[in-house]
Amino acid sequence: MKIFIDTADIEEIKQAQSLGVLDGVTTNPSLVAKTGKPFETCIKEILEVVPGDVSVEVVGLTHDEMVAEAEKYAAWGDNVVIKVPIIEEGLKAIKTLSGQGVKVNVTLCFSPLQALLAAKAGATYISPFVGRLDDIHTDGMELISQIVDIYGNYAYDTEVLVASIRNPMHVVSAALMGADVCTIPYKVIGQLLKHPLTDKGLAAFLADWEKANKG
Ligand code: E4P
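Once a new chain begins, its residue numbering starts again from 1 and follows that chain's sequence as written. Only residues with pLDDT of at least 70 get local features here, since the model is predicted, and only at 80 or more are side-chain atom pairs given and counted; chain-wide, interface and lining totals rely on the full set of residues. For side-chain calculations, the full set of non-hydrogen atoms in the structure is used, while hydrogens and water are omitted.

Caption draft 1: Region of interest: the pairing of strand β3 (residues 53-57). The cut-offs for exposure are 20% and 50% of the maximum accessible area for each residue type, with area from a 1.4 Å probe on protein chains only; residues under the lower value are buried, those over the upper are exposed, and the others partly exposed. Secondary structure counts use DSSP, requiring at least four H or I residues in a row for a helix and at least two E residues in a row for a strand, with both numbered from the N terminus. Burial within β3 is extensive, with five of its five residues counted as buried. Burial of β3 is two-sided: the residues D53, S55 and E57 facing one way and the residues V54 and V56 facing the other way are all buried. If DSSP finds at least two bridges between two strands, the strands pair. By the bridge criterion, three bridges tie strand β2 (residues 24-26) to β3 in an arrangement that is parallel. In the strand pairing of β3, T26 is matched with S55. With four bridges joining them, β3 and strand β4 (residues 80-85) adopt parallel strand pairing. Bridging from a neighbouring strand, V56 pairs with I82 of β4. Note on the crossover from β3 through helix α4 (residues 63-74) to β4: the handedness is right-handed. Here a crossover is taken to be right-handed if, once the strands point away from the viewer, the path from the first strand over the helix to the second is traced clockwise.

Caption draft 2: How the structure looks around the site of the ligand. Near the ligand you find D6, T26, N28, K83, F129, R132, A163, S164 and R166, and these make up its full shell. Here an oxygen atom of the ligand sits 2.7 Å away from a polar atom, N or O, in the side chain of N28. Protein burial of the ligand: of its 350 Å² of free accessible surface, 85% is covered by the chains. When at least one non-hydrogen atom of a residue lies within 4 Å of a molecule or strand, that residue is treated as near it. Definition of a polar contact: a pair of N or O atoms within 3.5 Å, with one able to donate and the other able to accept a hydrogen when the atoms are protein atoms, and with sequence-neighbouring residues admitted only if both atoms are side-chain atoms. Here the accessible surface of atoms and residues is derived via Shrake-Rupley with a 1.4 Å probe, and residues count as covered only by protein chains that are part of the display.

Caption draft 3: Geometry of the environment of V59. Mapping V59 onto the fold places it in the loop between β3 and α4. Residue V59 is classed as exposed on the basis of its relative accessible area of 56%. Taking the C-alpha atoms as reference points, V59 and K44, 15 residues apart in sequence, are found 17 Å from one another. Setting aside residues no more than four positions away along its own chain, V59 makes contact with P29 and E69. Note on contacts: a residue pair is in contact if any heavy atoms of the two residues lie within 4.5 Å.

Right, here's the structure in full:
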């Protein structure tokens, strides 16, 4: 399973990258706004340090606007993935862009049928938002299970990218279901490694090593 970080914060990206297990980055307009930097500066700064896929979201609402934005961003780097919302005009743009060989990450997916259409249009990634479904008392991980099954039934190449992750259990469930990618906020990446018994066990080993080597 690939691990992406869900942030536009360059320091968080560098920290996560130093762990050696980061495969890419997803951004969205809200995450870029949080950095306080101009959009282009922020994305180009990320592209300078990340060799893996970096998702950059379009904000146009028509096919032509989305494609024009996508062409501009795709020129910023070979690893740019264009994030397109799964609306009618977006679906048309996914088809056009994937036909041109541009990688597309289809965002704001909340249903298996949206995921099916995105795959048919040639999406590279589908991003179902699990946390936002959980927030409205709908099982977000159930959507992942449905999409993994549907894509398996027809052998679609589109990768299932679990988005809107809120906690480590989302990552465990995604891995058990065979999702291709999890995009994870910085705070949750930090939680993945933690186990109290690891810390307790390490403290005991170090204390015993001290005892054994005294005198
Ligand atoms: C990722 O591609 C999405 O933009 C992101 O995961 C949304 O997460 P949120 O629901 O925490 O805003």
